[in-house]
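This is what each chain is made of:
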Amino acid sequence: MSLPAVLLAAGPSPSPTSSESTPSAVRTFQDAQQSATNAASWVEQNWSTWLAIGLRVLLILVVAGVLRAVVQRAITKLIDRMTRTAEAVDGTSLGGLLVNNERRRQRSQAIGSVLRSVASFVILGTAALMVLAAFQINLAPLLASAGVAGVAIGFGARNLVTDFLSGVFMILEDQYGVGDTIDAGVASGEVIEVGLRVTKLRGASGEIWYVRNGEVKRIGNLSQGWATAGVDVTVKANEDLDRLKSTLDEVAEKMSAEEPWNELLWSPIEVLGLDSVLLDSMVVRVSAKTMPGKSLTVERELRWRIKRAFDAANIRIVGGATAPADEEEAADPTAAVAAPSVLSNPDSPQSEATTPLVQQRQPTK
């Protein structure tokens, strides 16, 4: 048989590729069409819900942003007004005595920084919780976890939290500021910088102390209100009290009328009277209210003037157990007589020891 006859007898063979791929392709297209139909139906059913959620989230973010900007701007204006008020008062004579511009500026900046941080945290934190609630997320586990984390952080960084809170209250209550001289217990000196965690002091010898605010248990501010200049004058017990008081009053009146002491003295210099009376001396107390931080300067000048006035009035100043200068001890009658010497006796061993040796001559034969 020929090859065409064999092929004809076998008949047409089916094409597996065409017969099998066509139903598969049809099924795939139908599945994609069904999926698209389902997605369109789901979008059609839920688009209003998603639109409402999106608009709610957008509204929350816009309101939070606008509110934060308004609050921060209000805080900034408040701080600027405080600073301008301090600068305006600082230009007057009273402001030069009562107000420290640098102190007010640093205090205003610290208060403004704290207020802005607190406002941002509260507003943005509330907005974040509202956004999560808009997506119908259960906030109970999140809040519980945040509470546990906050407690753990509080225990781990309790010293840092204590320092920060102490610094905030110190600044808000204006316990001290730049330029003040304070005694913080652990250190004392002039405040050169006030921070929320650390206060920087300069000691009397020029050293710088870094004091953590949480370690300060008590503060003695020597620069607020007014200071007291007190001078104790010790004189002989037989001095005339009326002449003594008149001399001190003259010194006080003259010093109060001269510059710059008339600005540093905030009250007349007063002779308070006898502070103590001893057998050979008595102590007179002189005191006056001064500008804060100027008490030592006034005391030095007052001692200088009192000493010069007492020298002019022939009033002796004595000190404690030191004997007065004009009291002479009784003359010793034997002071001008020389002490007896053993050399005055020629028969004494000392006199014989100092006698030069004389060479004896041998007798001649």
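In this text, all values refer to a predicted model and were calculated from it rather than measured experimentally.

Section: the overall build of the protein chain
- Within the protein chain, the regular secondary structure consists of 10 helices and eight strands.
- Residues classed as buried in the protein chain amount to 26% of the 365 residues present.
- Taking the intrachain contacts of the protein chain between residues at least 6 apart in sequence as the baseline, contacts between residues at least 24 apart amount to 63%.
- Here the protein chain displays about 25400 Å² of accessible surface, and carbon together with sulfur accounts for 60% of that area.

A few points about the pairing of strand β8 (residues 281-290)
- Of all the 10 residues making up β8, eight are buried; the element is thus mostly covered by neighbouring parts of the structure.
- With 10 bridges joining them, strand β6 (residues 227-236) and β8 adopt antiparallel strand pairing. Across the sheet, Asp-232 pairs through a bridge with Arg-285, a residue of β8.

Thoughts on the confidence of the model for the protein chain
- Looking at the protein chain, the pLDDT average stands at 76 and 73% of residues meet or exceed 70.
- Confidence over residues 13-23 falls short of pLDDT 50; this stretch has zero contacts with residues more than four positions distant or in other chains.
- Predicted confidence for residues 90-99 stays below pLDDT 50, and this span has 13 contacts to residues more than four positions away or in other chains.

Some details on helix α9 (residues 295-312)
- The terminal C-alpha atoms of α9, which comprises 18 residues, lie 26 Å apart, in line with the 26 Å expected from a rise of 1.5 Å per residue.
- Inspection of α9 places Ser-295, Val-298, Glu-299, Glu-301, Leu-302, Arg-305, Ile-306, Ala-309 and Phe-310 among the buried residues, and these make up the whole buried set.
- Where α9 is buried, its residues touch β6, α7 (241-257), α8 (261-264) and β8.
- With its phi angle positive at about 60°, Asn-314 sits one or two positions after the end of α9.

About the thresholds
Residues numbered from 1 in each chain as written. Predicted model: local features only at pLDDT ≥ 70, side-chain atom pairs only at ≥ 80, totals over all residues. Heavy atoms only, no water. Helix = DSSP H or I, 4+ residues; strand = E, 2+ residues; numbered from the N terminus. Buried < 20%, exposed > 50% of the residue type's maximum accessible area, 1.4 Å probe, protein only. Contact = heavy atoms within 4.5 Å. Areas by Shrake-Rupley, 256 points an atom, 1.4 Å probe, with all protein chains shown as cover. Pairing = 2+ DSSP bridges. pLDDT = per-residue confidence, 0-100. Expected span 1.5 Å × (residues − 1).

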